[in-house]
Amino acid sequence: MSLFWIIGLVITLLVIRISHWWYLWINGFPIIGETFQFFKPYGFYEISPFLNKKMLRYGPLFRTSILGVKTVVSTDMDVNMEILRQENKSFILSYPDGLAKPLGKDSLFFKTGNIHKHIKQLTLHLLGSENLKRKIIKDMDRVTREHLSLKASEGRFDVKDAVSSLITAHMTPKVISNLKPETQSKLIKNFKAFSFDWFRTSYPLSAGRGLYNTLRACREGMQVLKDVHMRKKTSGEMYGDFLDTAIEVLEKEGGLVNEDAIITLIFTLSCIIQDTTSKATCMAVKFISENPKVLAELKREHETILASREDKDGGVTWEEYRKMTFTNMAINESLRLANMAPMMFRKAVKDVEIKGYTIPAGWIVMVIPSVGKELRSVSKTFMVFGAGVRQCAGAEFARLQISIFLHHLVTNYDFSLSQDCEVIRVPGAHFPNGISINISKCPK
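The shown structure was predicted, so the numbers you read here are calculated from the model rather than taken from an experiment.

1. Points about the sheet that holds strand 3 (residues 69-74)
Phase 1: Strand order in the open sheet formed by five strands is 2-3-9-6-4, with mixed pairing between adjacent strands. The two strands at the open ends of the sheet, each matched to only one other strand, are strand 2 (61-66) and strand 4 (91-93). Ignoring which end each strand starts from, the neighbouring axes of this sheet average 35 degrees apart.
Phase 2: Of the strand pairs in this sheet, strand 6 (residues 344-348) and strand 9 (residues 364-367) are connected by four bridges, and their pairing is antiparallel. What sits directly across from Met344, in strand 9, is Val367.
Phase 3: Each of strand 2 and strand 3 is contacted by helix 3 (residues 49-58), which is oriented at about 135 degrees to strand 2, the strand it contacts most.

This is the structure we're talking about:
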């Protein structure tokens, strides 16, 4: 074979190899798949370019690989509703390992069937309406008022940090009480360090660093809880907090779940409460700040509440909260915009045919409720707290906390958004520079 043909053969093989790598790059590597493309940041009021491109080419359902998992993405509202209707029948909750890792694949949050029902009922002991009304609203109001006053004295503050701090301040004693100051401080630090933002970036190094910090917060925080629990167990101390309630229910159920699982549940529940509620509050503040008519109507509603309050120094009551009709509407709209649950994951346990589509057994289904022609159909797209049997048990807690924060904010302060309050999607709402407000006490 001549040198000419050898050189030609080498060049041909190189071209084929490079073409193959280029194809993999633009279509997603086998393990990474299209993860980077899916999590690439885009404008807050835009539809994901990744989803838009896929829908134009393949329609509302298409196959891909995200986070190393074969995935069917559904943006069809009818298909989404049918998937959720068949919960625990044709579909079960299942997350890619990359998302489940911080909580642990054995976390009670990922359990199905009777264990999930049991855990949800247990969670409602803490976050259900009855406990909110009897044991939480008073402290929530007091701590919110105190934190707002302290932050307002600085002239400017980050809403997420402030709300995260006040939630951990009034909820930590409810979850696990009688802690030494240094222990409580360490626990709260780990609560606040936990975040799902690590995967909301298209930069591998940033995602890796975020995941490491979240895993460390989980490990250290759970160890603190385990140490406290062992001391309480040894001494026989009982304070009537959520930890005591959870262990008591555990003993009655006869070993349905173990103590380590309960400790993990308590830690992750505390983290998720402060993380998601603080972000939702950010969106509510941004929404009312950018819509003067909404802010004016909100002020009118809350000033009416104040005027009719017999105890002028008293805090928000449950009855007042239930009368905040316009506030609830404003919260709904800000939650719709924020879309705190931009995607939900289920796994097909068998081949399932829906609306002419076949979803293969074993495939993860990513349900995306907020994309499509029926965006204004609240019944089909308003799933900010999840949907079906997996609807978030903390939904009422979040609404109450946002309502009380807004009550004190609009009745006591003048405020405006700082100029650098950018919001992007990756695909959930993300605040690269935080949501800061300039604030001052209203003149009397």
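2. Considering the pattern of salt bridges
Side chains carrying opposite charge are able to pair once their charged atoms draw close together.
Phase 1: One pass over the structure, following the stated rule, counts 20 salt bridges.
Phase 2: Here Arg142 ties to Asp139 by a salt bridge, and the two come within 3.5 Å at their closest N and O atoms. Taken together, the residues Arg142 and Asp139, both in helix 7 (residues 129-152) and three residues apart, mark about one turn of the helix.
Phase 3: Among the residues examined, Arg142 registers a relative accessible area of 35% and is labelled partly exposed.

3. Observations regarding the sheet that holds strand 10 (residues 413-417)
Phase 1: If you walk across this open sheet you meet the three strands as 5-13-10, and the pairing is antiparallel. Only two strands of the sheet have a single partner each, and these edge strands are strand 5 (156-158) and strand 10. The average undirected angle you get between the axes of adjacent strands in this sheet is 30 degrees.
Phase 2: Pairing of strand 10 with strand 13 (residues 436-441) involves five bridges; the strand directions are antiparallel. Looking across to strand 13, one finds that Ser416 is bridged to Asn438.
Phase 3: Where helix 7 meets the sheet, its contacts fall on strand 5, strand 10 and strand 13, and the angle it forms with strand 5 comes to roughly 125 degrees.
Phase 4: Relative to the sheet, helix 8 (residues 159-175) contacts strand 5 and strand 13, its axis offset from that of strand 5 by approximately 70 degrees.

4. Section: unusual backbone geometry
Phase 1: Not every positive phi belongs to a glycine, and Asn88 is a case in point at roughly 65 degrees.
Phase 2: Secondary-structure assignment places Asn88 in the loop between helix 4 (77-85) and strand 4.
Phase 3: Notably, Asn178 is not glycine yet its phi reads approximately 60 degrees, a positive angle.
Phase 4: Within the fold, Asn178 resides in the loop between helix 8 and helix 9 (181-193).

Thresholds applied
- Residues numbered from 1 in each chain as written.
- Predicted model: local features only at pLDDT ≥ 70, side-chain atom pairs only at ≥ 80, totals over all residues.
- Heavy atoms only, no water.
- Pairing = 2+ DSSP bridges.
- Helix = DSSP H or I, 4+ residues; strand = E, 2+ residues; numbered from the N terminus.
- Axes fitted to C-alpha atoms, helices over the stretch in contact; angles between N-to-C directions.
- Contact = heavy atoms within 4.5 Å.
- Salt bridge = Lys/Arg side-chain N within 4 Å of Asp/Glu carboxyl O.
- Buried < 20%, exposed > 50% of the residue type's maximum accessible area, 1.4 Å probe, protein only.

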